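# Topology and contacts: notes
Read off the chains here:
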Amino acid sequence: MNFLRPLVTAILGSVLLFVAACASTVPSVVSSTSGEQVVQQQAIGAYTLGNGDQLRITVFGQPDLSGQFEVDGTGSISMPLIGQVEALGLSTPELETRIVEMLEGDYVLNPRVSAEVINYRPYYILGEVNRPGEYPYNSGLTVVNAVAAAGGWTYRARKNVVYIKSVGSLEEQAIELTTSTVVQPGDTIRIAERHF
């Protein structure tokens, strides 16, 4: 009987950890007065590369292979020696691994590669702001900062919900607006008109 207690405790602990992990990745839905579904801010994942990102890639000991590259419309970067390298949807560590695999053996002995984003793709803001348009992305950008860059709210702006369409998403999502609501590179932010 004494050997069952630790076993049951371990199983219950595992189940609780699993449930907690699942709950942290699912956005919660808040009902609003207009009947629309408003999602609270979702968790931030690792940054993935997209069209328009500018990168600095360093192949240590190989200055001819190092330099600045831009992810083009096909989602690739064009590097000397190895040509087109698919970058779309990869994180920078994944891109480093891909470049190492392409260089290793035939071109460079034990290549060491570093990749960093030097300019992110821009974000777009429209709707009830004074200067809608395209703006350069800065790390840690929030919707409130984006609105400030666009000249602030108009007097008709709805300030409790923001509509964000992320890169790769087909539809915009209504998100509860707080001071920590984040913007990702390439996002399209729409500030709606409030209902009186």
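Residues numbered from 1 in each chain as written. Predicted model: local features only at pLDDT ≥ 70, side-chain atom pairs only at ≥ 80, totals over all residues. Heavy atoms only, no water.

## Points about the overall build of the protein
Across its full length, the protein carries three helices and twelve strands. Expressed as a percentage of the 196 residues in the protein, the buried residues total 32%. Within the protein, contacts between residues separated by at least 24 positions form 50% of all contacts whose residues are at least 6 apart in sequence. By element, 55% of the accessible surface of the protein is carried by carbon and sulfur atoms, the whole surface being about 11800 Å². (Helix = DSSP H or I, 4+ residues; strand = E, 2+ residues; numbered from the N terminus. Buried < 20%, exposed > 50% of the residue type's maximum accessible area, 1.4 Å probe, protein only. Contact = heavy atoms within 4.5 Å. Areas by Shrake-Rupley, 256 points an atom, 1.4 Å probe, with all protein chains shown as cover.)

## Observations regarding helix 2 (residues 92–103)
Taking 1.5 Å per residue, twelve residues should reach 16 Å; helix 2 reaches 16 Å between its end C-alpha atoms and fits that length. Within helix 2 the residues assigned to the buried category are T92, L95, I99, V100 and L103. End-on, the buried residues of helix 2 take up no more than an arc of 140°, which puts them together on one face. Contacts made by the buried residues of helix 2 are with strand 3 (54–59), strand 5 (76–79), strand 6 (83–86) and strand 7 (113–119). (Expected span 1.5 Å × (residues − 1). Arc of directions from axis to C-beta.)

## Structural notes on the confidence of the model for the protein
Of the residues in the protein, 76% have a pLDDT of 70 or more, and the chain-wide mean is 81. Across the protein, the element-wise mean pLDDT spans from 40 in strand 1 (residues 29–31) up to 95 in strand 3. In this model, residues 15–35 is a region of pLDDT below 50 whose contacts with residues beyond four sequence positions or in other chains number 17 contacts. (pLDDT = per-residue confidence, 0-100.)

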